Amino acid sequence: MNTQPGNHTPGGPAQPNAVAWQPAATGNEQAGKPPATDVTHPQPATDPAQHATGPAGTGDAGKPLVVVERLRKVYRSGPKEVVALRDVSFEAYPGELIAIRGRSGSGKTTLLNQVGGLDRPDSGHVTVAGHPVTELPESGLLALRRDVIGFIFQSFGLIPVLSAAENVGVPLRLSRTPVAEREERIQILLSMVGLEKHVNQRPYELSGGQQQRVAVARALANRPRLLIADEPTGQLDSQTGRQIMQLLRAVVRSEGVTALVATHDPSLITLADRVLELHDGAFTPVPTPA
Ligand SMILES: Nc1ncnc2c1ncn2[C@@H]1O[C@H](COP(=O)(O)OP(=O)(O)OP(=O)(O)O)[C@@H](O)[C@H]1O
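Thresholds, definitions, all that
Residues numbered from 1 in each chain as written. Predicted model: local features only at pLDDT ≥ 70, side-chain atom pairs only at ≥ 80, totals over all residues. Heavy atoms only, no water. Helix = DSSP H or I, 4+ residues; strand = E, 2+ residues; numbered from the N terminus. Buried < 20%, exposed > 50% of the residue type's maximum accessible area, 1.4 Å probe, protein only. Contact = heavy atoms within 4.5 Å. Areas by Shrake-Rupley, 256 points an atom, 1.4 Å probe, with all protein chains shown as cover. Near = heavy atom within 4 Å. Polar contact = N/O pair within 3.5 Å; in protein donor to acceptor, adjacent residues only side chain to side chain. Nonpolar A, V, L, I, M, F, W, Y, C, P; charged D, E, K, R; others polar. Pairing = 2+ DSSP bridges. Axes fitted to C-alpha atoms, helices over the stretch in contact; angles between N-to-C directions. Core = buried A, V, L, I, M, F, W, Y, C linked by side-chain atoms within 4.5 Å. Domains from an automatic or database assignment. Parallel < 35°, antiparallel > 145°, perpendicular 65-115°, else oblique. Left-handed = near helix turned anticlockwise from the far one by under 90°.

Per an unreviewed UniProt entry, the protein goes by ABC transporter domain-containing protein and derives from Sphaerisporangium flaviroseum.

Okay, structure coming up:
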C-alpha cells in the first residue's frame, strides 16, 4: 500500500486488497458495456459555465482525477485564528481509494469540504475531473456536486419521509433523469448495495448499516467520478463499519470511481490503496507496515 501523497505508480493505483463482499452486477457488466463511469473515455472540460454538467476532464489513464495544490484554510472567529489546512497538496488517480487518517481536529473534514466544493479555501487550488473547483462560481459548484461528486456522510443524511428507493432517486430527479431510466438505475443501485428487498422501507425502518448502504447508492446515482466519504462508519459498530468499507472498496472497483474516505478507524485503513495522514493540517509520512 502506498502511504505518501505523491507516491503513485503511473498507469494505475496500487493493487488493492481483496474484499470478501462483491456487489451484484450493475447491468452494464451484464450487457458487456464499460463501467457506468467510464474513466477511459473522458471529454474535455470547456468553460466554467459548462463545468460539472457531465463527465469531463482528466480521466486519461495515468492522469490524476483530483489535483490538490497548496490548499490553505484558516477559520477566524474574532481575533482567534485556527489554521486547519497548511498548504496541503496531493493527487488522486482514477480508481483509487484513498483513506485520509488523522486525529480529531487534524483537518480531515476541512480538506474534504474544500475538495468537494462545499467550502472555499483561503488559498490553493483543487481540480476534479478537469473542473477548477476552487475557481467555480456557486452555480458551477452546484452542478459539480450534482453530477461529478458523490457525498457520503457519517450521519447518512437520508430524508426520513422518503423510502430507500425515493432517497436514491433524489439526485436523479435533480439531474432530470427520465422516469424509466430513473427507476432502472434505482433498482440497479439498491441491488448493488444488497438492499433489493428494502426498496420501500423508510430510513427509520432500516439498520444503521442499511441506511449507510442507501446513502452509498444515492451517492452513486448520477455516476460520479469522485466519491467523498467523511467518517462513513463513524456511527456504526466495527463489524458493520467494515462491511460498509468493503462495500465502498467494491463499488470503487465496479463503478471505476475514485474515493476519498476520511476515517480515524485503523482497522479500515487496510482496505485503502493509499493512506494520507493528516496532523495539525499537514500531511505526515505514514509508516509502511513491515
Ligand atoms: N467552522 C469552524 N470554525 C472554526 N474552527 C473550525 C471550524 N471547523 C473546523 N474548525 C477547526 O479546524 C480544525 C480542523 O477541523 P476538522 O473538522 O477539519 O477536523 P477533523 O480531522 O475532521 O476532526 P474530526 O475527526 O473530529 O471530525 C479543528 O481545530 C477545528 O476545531
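Further notes follow.
Enquirer: What exactly am I supposed to notice about the overall build of the protein here?
Expert: Of the regular secondary structure elements, the protein holds six helices and 10 strands. Scored against the burial criterion, the 290 residues of the protein give a buried share of 52%. Pairs at least 24 apart in sequence give 74% of the contacts found in the protein among residues at least 6 apart. Here the protein has roughly 13,000 Å² of accessible surface; of this, 52% comes from carbon and sulfur atoms.

Enquirer: Help me understand the site of the ligand in this model?
Expert: The local shell around the ligand holds 13 residues, among which Ser104, Gly105, Lys108, Thr109 and Thr110 are the closest. Between arginine 103 and the ligand, the recorded distance is 3.5 Å, taken from a backbone N or O atom to an oxygen atom. Computed on the free molecule, the ligand has an accessible area of 630 Å², of which 59% lies beneath the protein chains in the complex. For the shell around the ligand, the secondary-structure elements that each account for two or more residues are strand E2 (80-92) and helix H1 (108-115). Element by element, the count of residues in the shell around the ligand is highest for H1, at three residues. Residues of the shell around the ligand, tallied by class, amount to three nonpolar, seven polar and three charged.

Enquirer: What's the story with helix H3 (residues 164-174) in this structure? I'm lost.
Expert: Turn by turn, an α-helix covers 3.6 residues, leaving residues three or four places apart pointing in a common direction. Among the residues making up H3, those that are buried are Ala164, Ala165, Asn167, Val168, Gly169, Pro171 and Leu172. Turning to H3, the residues buried within the fold contact helix H4 (179-192) and helix H5 (208-220). Arginine 176, located one to two residues past H3, shows a positive phi value of around 55°.

Enquirer: Looking at this structure, I do not really get the sheet that holds strand E9 (residues 274-279). What am I missing?
Expert: Backbone-to-backbone hydrogen bonds pair the strands of a sheet. The strands run either parallel or antiparallel. Taken in spatial order, the six strands of this open sheet run E6-E7-E8-E3-E9-E10, and their pairing is mixed. Of all the strands in the sheet, the pair left with one neighbour each is strand E6 (149-153) and strand E10 (282-284). Going from strand to strand, the sheet's axes swing by 25° on average, the running direction of each strand aside. Across the face of the sheet, H5 comes into contact with E6 and strand E7 (226-230) while running at roughly 165° to E6.

Enquirer: It is not clear to me how the nonpolar core should be interpreted in this structure. Could you clarify?
Expert: One broad rule of soluble globular proteins: the nonpolar side chains tend to lie buried together. Counting residues in each nonpolar core, the largest one holds 41 residues, and the members touching the most others are Leu190, Val216, Leu227, Leu248 and Val251. Among the elements of the structure, strand E3 (97-101), H3, H4, H5, E7, helix H6 (238-255) and strand E8 (258-262) are those that each provide at least two residues to this core. Of the domains in this structure, domain 1 (57-148 + 224-290) and domain 2 (160-223) are the two that each give at least three residues to this core. Excluding its chain neighbours within four sequence positions, the residues that come into contact with leucine 227 are Gly150, Ile152, Ala219, Leu220, Leu248, Val251, Val257, Thr258, Ala259 and Leu260.

Enquirer: Help me out: how do you make sense of the environment of glycine 208 in this one?
Expert: Within the element layout of this structure, glycine 208 appears in helix H5. Note: C-alpha distance between glycine 208 and phenylalanine 156 (52 residues apart in sequence) is 8.4 Å. Discounting chain neighbours no more than four positions away, the residues touching glycine 208 are Phe156 and Leu236.

Enquirer: Just to check I follow, could you spell out the packing of H5 against H6 for this structure?
Expert: The relative placement of two packed helices comes down to the angle between their axes together with the axis-to-axis distance. Where H5 contacts H6, the two axes come as close as 10 Å, and the packing angle between them is 20°. Of the possible angle classes, the one that applies to H5 and H6 is roughly parallel. Taken as a pair, H5 and H6 cross one another with a handedness that is right-handed. Across the interface between the two elements, Gly209, Gln212, Arg213, Val216 and Leu220 from H5 touch Thr240, Gln243, Ile244, Leu247, Leu248, Val251 and Glu255 from H6.

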